[in-house]
Amino acid sequence: MRLKAILDCDPGHDDALAILLAAHHPALELLAITTVSGNQSVEKTSLNALKVCSLAHIFDVPVAKGMPQPLIRSARYAAEIHGESGLDGPALPDPLFSLVPTHAVDLMIDLFLHSADDITLIATGPLTNVAAAMRKEPAIIPRIAGITLMGGAIGIGNTTPASEFNIWVDPEAAAIVFESGCPLTMIPLEVTHKALATPSVFQRLTTAHKTITTFVYELLTFFADTYHTNFGFAAPPVHDPCAVAYLIDPTLVTTKLMHVDIETTGTWTAGRTVCDLYGQSTLPSNVNVGYTLDSGRFWDLMLDTLMTYD
Ligand SMILES: [Ca+2]
């Protein structure tokens, strides 16, 4: 039986890859795509989700727009990485369908409350929608089979020295989710920085001659440029599909169960995922934390799935 999943995202170049992987891999049944303010405004991330799905002919998955800003803080975007549209690079046609009228938070609640089967949540943006859903309807919490999220870092961050972008944008939401008691798997920068789109990945994309592989090639070309400019990376890391890949094949990521707290008040460290790697805390373990990735098998999975598109 396919694993039922909801993808909560903020597309976003690497979110686009997460959508393409989640929607077409036979191990998963994608029930909904929900969008959140993050890499860009929720209007832009929602439009981007619709455009990606339209280009890929993903018409059977509802797309619902979610929270326009973090729970407490002002919205903060990543235009220096993803451009003004949130998905700069490829020239994408207008979407061929519309958002569902339901708010993302309500769609999430409805799916978790009323599905007979287990549903896993994959979160690849700030955790605002997830936390809002837990606050609005706490009865969903025991019904969530698990949450696999891209976010955080064991070590240094990518938005501040202490913090990774998704958690930094909405630390209060992350704290709610990390303290919820839901089974959590965190795919941090230590994992995603191994998912580098190297020249051999570009080479494999160019030889495919498909609409989707050309689109991904153009996405990654833009992403490579901004990652080089901002971080000096020789090849860009595709963070978000790592969370999807882990759900499809958990052997791709090595994980360790530990206690993780979210720093919400630090002057220099707000948004830090404080990971108790050595078990020094007396607090119970609450997160399965990834720390390395089999990048060769990850790219085989990613590229093989892209090849299944027309
Ligand atoms: Ca994202």
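Residues numbered from 1 in each chain as written. Predicted model: local features only at pLDDT ≥ 70, side-chain atom pairs only at ≥ 80, totals over all residues. Heavy atoms only, no water.

Novice: Just to check I follow, could you spell out the sheet that holds strand E1 (residues 3-9) for this structure?
Specialist: As a general point, the strands of a sheet are linked pairwise by backbone hydrogen bonds and lie either parallel or antiparallel. In spatial order, the strands read E3-E2-E1-E4-E5-E6-E10-E7; together these eight strands make up an open sheet with mixed pairing. Two strands bound the open sheet, and with one partner strand each, they are strand E3 (63-65) and strand E7 (253-258). Adjacent strand axes in the sheet meet at a mean angle of 25 degrees, parallel and antiparallel pairs treated alike. Two strands pair when backbone bridges link them, and E7 and strand E10 (residues 287-293) are joined in this way by six bridges, in the antiparallel orientation. Of the residues in E10, the one forming a bridge with Val-253 is Leu-293. On the sheet, helix H7 (residues 171-178) packs against strand E5 (144-150), strand E6 (184-187) and E10 and is oriented at approximately 140 degrees with respect to E6. (Pairing = 2+ DSSP bridges. Helix = DSSP H or I, 4+ residues; strand = E, 2+ residues; numbered from the N terminus. Axes fitted to C-alpha atoms, helices over the stretch in contact; angles between N-to-C directions. Contact = heavy atoms within 4.5 Å.)

Novice: Hey, could you run me through the packing of aromatic side chains in this one?
Specialist: What characterises a pair of aromatic rings is the spacing of the ring centres plus the angle enclosed by the ring planes. Summed over all chains, the structure comprises eight aromatic pairs. Between Phe-59 and Phe-97, the aromatic rings sit 5.8 Å apart at their centres with planes inclined by 85 degrees, giving edge-to-face as the arrangement. Placement of the pair is Phe-59 in the loop between helix H2 (42-55) and E3 and Phe-97 in the loop between helix H3 (79-82) and helix H4 (104-114), with a sequence separation of 38 residues. Site record: aromatic cluster; members linked through ring pairs are Phe-223, Tyr-227, Phe-231 and Phe-233. Positioned above the aromatic ring of Trp-168, the side-chain terminus of Arg-76 is 3.6 Å from the ring centre. (Phe/Tyr/Trp six-rings, centres within 6.5 Å; stacked < 30°, edge-to-face > 60°. Lys NZ or Arg CZ within 6 Å of the ring centre and 35° of its normal.)

Novice: Mind showing me how you'd approach the coordination of the calcium ion here?
Specialist: Expected angles at a metal are 109.5 degrees for tetrahedral coordination by four donors and either 90 or 180 degrees for octahedral coordination by six donors. On the protein side, the calcium ion has Asp-10 (OD), Asp-15 (OD), Asp-15 (OD), Thr-124 (O) and Asp-240 (OD) as donor atoms, found 2.2 to 2.5 Å from it. Counting along the primary sequence, the residues that act as donors to the calcium ion give the motif D-x4-D-x108-T-x115-D. In this pair, Thr-124 is assigned in the loop between strand E4 (119-123) and helix H5 (128-136) and Asp-240 in the loop between helix H10 (211-231) and helix H11 (241-248), connecting sequence segments 116 residues apart. We note that Thr-124, like Asp-240, is buried. (Donors = N, O, S within 2.8 Å, 3.2 Å for Na, K, Ca; no water. Buried < 20%, exposed > 50% of the residue type's maximum accessible area, 1.4 Å probe, protein only.)

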